[in-house]
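Descriptive analysis of the structure
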Amino acid sequence: MPTFTAFTTLDDRDRADALAELIEDLDPAPYGVGVFEIEDGSERWEVGAYFTEAPDEIALALLGLSHGAAPFAISELPETDWVAHVKRELAPVEAGRFFVYGSHDAEKVPAEAVPLLIEAAMAFGTGHHGTTLGCLTALDRLDREGLRAHRVADIGCGTAVLAMAAAKIWPETVLASDIDPVAVETAAANVKANGLEGRVICLEAAGFGHPELQAGAPYDLIFANILKAPLIALAPDMGRFCAESGHVILSGILHAQADEVISAYVAEGFTLVSRNEFGDWTTLVLQRR
């Protein structure tokens, strides 16, 4: 079955959302429409639509023009077995002692490594992305420096790879939450595949907005691998739910955004422990004083 894509950009979230709603009513109708913030600091938004038939280019052009959007880029994607493709392209990743792999690479796990199984179909959060790699590396370094966190939370957990990494090295129960119910299902499947059922608890929540997350505070370590804006918005709750002398590991931050995130957390009583760059992304470790 062919797949056609149509993408455009706008500088206003409300107009991007309105345009996406109108695209859903086109004939032929798309089978998926999304609105995403472009992670380059430009404060622009991308609207993308996916079709199984060639879209109406004239209708798209008129909709885009009426909403102040850039001209749509329309293309047909070749038929691809994406899981097979990802298996070929995603080699195992080592981040400190952590070894992130798909089941097709199970024979490559070193005997001394801490293994984290993430299937190729769940590519974001496998460790290949600079944000995940940075967080795993920071966790490994803190552990080697003597940190023993008894209460751990992973906010915006995605695949739950960070929560699972903490549960693998410390004999504690870790809470992992995400605002997206599909991500929570994915996280739960990964937890089961890694033999961590009952050790990593997956919850659907925005930020700390779940009774179990609030009851589990104060936390000795909190992960938040999301984006700049929600990280800054979370700073007051991070200060509230992080234990005194506790740590937070933050990522999803472009290099140019790091100072702004640091300032928001310093205002809530944190001090910067480390700042490291992985590809286009910065990972921050801060401690609450």
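Everything in this summary refers to the structure shown in the same document. Note that the structure is a prediction, hence the values are computed from the model and not measured.

1. Focus: the packing of helix 1 (residues 13–23) against helix 2 (residues 57–66)
Contact geometry for helix 1 and helix 2: axes closest at 10 Å, N-to-C directions at 160°. When the axis of helix 1 is compared with that of helix 2, the two are roughly antiparallel. In terms of crossing hand, the pair formed by helix 1 and helix 2 is right-handed. Contact residues: Leu19, Leu22 and Ile23 in helix 1; Leu60, Leu63 and Gly64 in helix 2. Broken down by class, the residue content of the contact of helix 1 with helix 2 amounts to five nonpolar, one polar and no charged.

2. Looking at the sheet that holds strand 7 (residues 114–117)
Spatial strand order, 5-6-7: three strands in an open sheet with mixed pairing. Every interior strand has two partners, whereas the edge strands, strand 5 (93–95) and strand 7, have only one. Across the sheet, the axes of successive neighbouring strands diverge by a mean angle of 25°, strand direction being ignored. Sheet topology note: the strand 6 (residues 98–101)/strand 7 ladder contains four bridges and is parallel. Looking across to strand 7, one finds that Phe99 is bridged to Pro115. Sheet strands in contact with helix 4 (residues 130–144) are strand 5, strand 6 and strand 7, and its direction is about 40° off that of strand 5. Across the sheet, helix 5 (residues 161–169) lies against strand 6 and strand 7, angled at about 150° from strand 7, the strand it touches most.

Definitions and cut-offs
- Residues numbered from 1 in each chain as written.
- Predicted model: local features only at pLDDT ≥ 70, side-chain atom pairs only at ≥ 80, totals over all residues.
- Heavy atoms only, no water.
- Axes fitted to C-alpha atoms, helices over the stretch in contact; angles between N-to-C directions.
- Helix = DSSP H or I, 4+ residues; strand = E, 2+ residues; numbered from the N terminus.
- Parallel < 35°, antiparallel > 145°, perpendicular 65-115°, else oblique.
- Left-handed = near helix turned anticlockwise from the far one by under 90°.
- Contact = heavy atoms within 4.5 Å.
- Nonpolar A, V, L, I, M, F, W, Y, C, P; charged D, E, K, R; others polar.
- Pairing = 2+ DSSP bridges.

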